[in-house]
Amino acid sequence: MVRSQGWYGGDGRDPYIHRAWMRRGVPDHAFDGRPQIAIANTASDLTPCNMHLNEVAEYVKQGVWEAGGVPVNLPVVSLGETLVKPTAMLWRNMAAMATEEMLRANPIDSVVLLGGCDKTIPALLMAAASVDLPAVVVPGGPMLNGYFRGERMGCGTGVWQLSEEVRAGTLAAAEFEATDKTMIRSKGHCNTMGTASTMGLMAEALGMTIPGVAGTPAADSRLLEAAHTSGRLAVELALEDRRISQVITRQSFHNAIVALAGIGGSTNAVVHLLAIAGRLGIELTLEDFDRIGAQVPLLVNLQPAGTYLMEDLFRAGGFLAVLDQLRDLLDPSATTVTGRALTDYLGIQQVWDQDVIAPRGEPLQDDAGIAVLRGNLAPRGAIIKPAAATPELLVHTGRAVVFDSIEDVHARLDDPDLDVDADSVFVLRGCGPKGYPGMPEVGNMPLPQKLLAQGVRDVVRISDGRMSGTAYGTVVLHVAPEAAAGGPLALVQDGDLITLDVPARRLDLLVDPDELAARTPSQRQVDAFAVADRGWQKLYIEHVQGADSGADLDFLVGSSGSDVTRESH
Ligand code: FES
Ligand code: MG
């Protein structure tokens, strides 16, 4: 018997109430024991990347009806990167918590998860994991390619590049302004290998999509077909009670980490995958990313590290063609929502354009995965994406230039008296989960005008914040513990020497240990930390964990299952 029969099945007052209010044109047989399929839908007019998901939901519904289920649209908390202040990440855990609770509270047998913009797929997967119902993801898909002067222009990446050009005086502000509608010209999420693209592909690597679906452009009619097929599958999942905990295993994370390196995926995937693993009770650590992923070659030539965009990746063979190249590194025991192994789907899709998907024998870069750093500046770890960095800066020692907040950066960055040169190491703190709050994407802070004028385009930057998946540079991120949680980042002073040594996986502050032990954070810096006064922000600051374990709230880690034992009437 399906779970929803606990609401609709049988005689008496309560089942009568549950059916009666749901009638409204729905036939008797809708309540005869067939599966009720929720469509957890993050469509919102304020999340432009997910606006088209209502149309996708209609195709899911057709598939559900066709397979003998009953679809129900469940709008859930939606988070868009572009508008939400101070950072969408502040509400990833809230979106996950609210979705989990609503899935549990309602007569639902399985769920189709519709996400797109950065935080939405992670939040949906965290929710589904904690309620542990059968689930399948339909990633909303990327926008079509953008263009500027006949060349590809990726959203996000193009903004960072061109705004630096305006700052450097090599591009007119009006020309920059005019690029907005050629950069964003269709439905879908960012078309670079940013966080949204990455997390769509990660959902597939984890086994949570029908293989071959992730990366389908939002405007491609094959996405709607995939939505229909996923609706059908959701009915099958409900009837077989194949839950998310049976699909995602440690082996799935192994495959996700291999894939993350091969595609040159966003650093944000580290925080999200750690959080999803935490919900499933799967032991996953920062070191796993380095151990499993660091030696994986980069095969996908997408911005921000490369040239092309997601539409090109799809045309060139798509994600399965990439995974096929990495097949020997994948764990064949990891399964998918279809019940078959992920590796069963390889060997079919070939590479059509080796400029976009490099052959395994001629990778764009060796050892492309995320590197995990430790040292006296990051006792619980920090990460860097060497593929997005300047090779000459991967081993570097320089004098610290310290900023206590992103506002401090904005206020002083272009001060002509700021003591910086091309060898400086920029430190930005107070940007961790607790400190900001919400861990914003500011780690790739802009460069001072005077360095830009000298032709400098990258310096070593270190922060306890995150970086947009569409950004690039020699940027050390997610330093843990963060400054606001007592991390040593809070003790760095202007002029201190800092050594970054990526091959040795070290990040060290070259200050005498006795002197360091005697230092305390400045009042100026303490004043910059966020205050836990009320509402979600209070709950968040008091309970959020470090980036090194996924920045989930401590009481949300794990699963409560789907049982609800008490009645509402
Ligand atoms: Fe939504 Fe980039 S802003 S995916
Ligand atoms: Mg982003």
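Within an unreviewed UniProt entry, the label attached to the protein reads Dihydroxy-acid dehydratase, and the organism entered is Microbacterium mangrovi.

1. Points about the pairing of strand β8 (residues 378-384)
Burial analysis of β8 places five of its seven residues in the buried class, the great majority of the element. Pairing between strand β7 (residues 371-375) and β8: four bridges, direction antiparallel. Pairing of Gly375 across the sheet is with Ala378, part of β8. What sits between the antiparallel neighbours β7 and β8 is a turn of two residues.

2. So, the packing of helix α9 (residues 195-205) against helix α12 (residues 250-263)
The contact between α9 and α12 brings their axes to 9 Å, and the two run at 145°. Read as a crossing pair, α9 and α12 show a hand that is right-handed. Contacts between α9 and α12 pair Thr198, Leu201, Met202 and Ala205 from the former with Asn255, Ala256, Ala259, Leu260 and Ile263 from the latter. Residues of the contact of α9 with α12, tallied by class, amount to seven nonpolar, two polar and no charged.

3. Observations concerning the nonpolar core
With 183 residues, the main nonpolar core has Val112, Ala128 and Val427 as its most contacted residues. Taken domain by domain, this core gets at least three of its residues from each of domain 1 (34-143 + 187-345) and domain 2 (371-549). Val427 has contacts with Ala400, Val401, Val402, Phe403, Ile462, Leu489 and Val492, leaving out every residue within four places of it along the chain.

4. Regarding the domain arrangement of the protein
Assigned domains of the protein: these are domain 1 (34-143 + 187-345) and domain 2 (371-549). With centres defined by C-alpha atoms, the gap from domain 1 to domain 2 works out at 30 Å. Contact with domain 1, which involves 27 residues of that partner, is made by 27 residues of domain 2. Counting only elements with at least two residues in the side of domain 1 that touches domain 2, the list comes to α9, α13 (268-280) and α14 (286-293).

5. A look at the sheet that holds strand β4 (residues 135-139)
Here we have four strands laid out as an open sheet, ordered β2-β1-β3-β4, and parallel in their pairing. The outermost strands of the open sheet, each flanked by one partner alone, are β2 (70-75) and β4. On average, each strand axis in the sheet is inclined to that of its neighbour by 20°, with strand direction left out of account.

6. Some points on the packing of helix α3 (residues 53-66) against helix α10 (residues 221-240)
Taken N-terminus to C-terminus, the directions of α3 and α10 make an angle of 40°; their axes are 7 Å apart at the nearest point. Taken together, α3 and α10 sit at an angle that is classed as oblique. Once α3 is placed against α10, the crossing between them reads as right-handed. Residues Val56, Tyr59, Val60, Lys61, Gln62, Gly63, Val64 and Glu66 of α3 form the contact with α10, whose own contacting residues are Leu223, Leu224, Ala227, His228, Thr229, Ser230, Gly231, Arg232, Ala234 and Val235. Partitioned by chemical class, the residues of the contact of α3 with α10 number nine nonpolar, six polar and three charged.

7. A short note on the pairing of strand β10 (residues 425-428)
Burial of the side chains of β10 extends over both faces: Val425 and Val427 are buried on one face and Phe426 and Leu428 on the other. Pairing of β10 with strand β11 (residues 460-463), which is carried by four bridges, proceeds in the parallel orientation. Its bridge partner lying in β11, Val427 is registered against Ile462.

8. Some thoughts on unusual backbone geometry
Here the bond from Tyr436 into Pro437 is cis, since omega is 0°, no more than 30 degrees from zero. Locating Pro437 in the fold gives a position in the loop between β10 and α18 (449-453). The linkage connecting Ala480 with the following residue, Pro481, adopts the cis geometry, with an omega of -5°. For Pro481, the location among the structural elements is in the loop between β12 (475-476) and β13 (497-501). Positive phi values are uncommon outside glycine, yet Arg24 reaches one of about 40°. If you check the backbone angles, Arg505 has positive phi at about 60° while not being a glycine. Turning to its location among the elements, Arg505 is positioned in the loop between β13 and β14 (506-509).

Rules and cut-offs
Residues numbered from 1 in each chain as written. Chains lettered and ligands numbered in written order. Predicted model: local features only at pLDDT ≥ 70, side-chain atom pairs only at ≥ 80, totals over all residues. Buried ≥ 20, exposed ≤ 12 C-beta atoms within 10 Å, placed from the backbone. Helix = DSSP H or I, 4+ residues; strand = E, 2+ residues; numbered from the N terminus. Pairing = 2+ DSSP bridges. Axes fitted to C-alpha atoms, helices over the stretch in contact; angles between N-to-C directions. Left-handed = near helix turned anticlockwise from the far one by under 90°. Contact = placed C-beta atoms within 7 Å. Nonpolar A, V, L, I, M, F, W, Y, C, P; charged D, E, K, R; others polar. Core = buried A, V, L, I, M, F, W, Y, C linked by C-beta atoms within 7 Å. Domains from an automatic or database assignment. Parallel < 35°, antiparallel > 145°, perpendicular 65-115°, else oblique.

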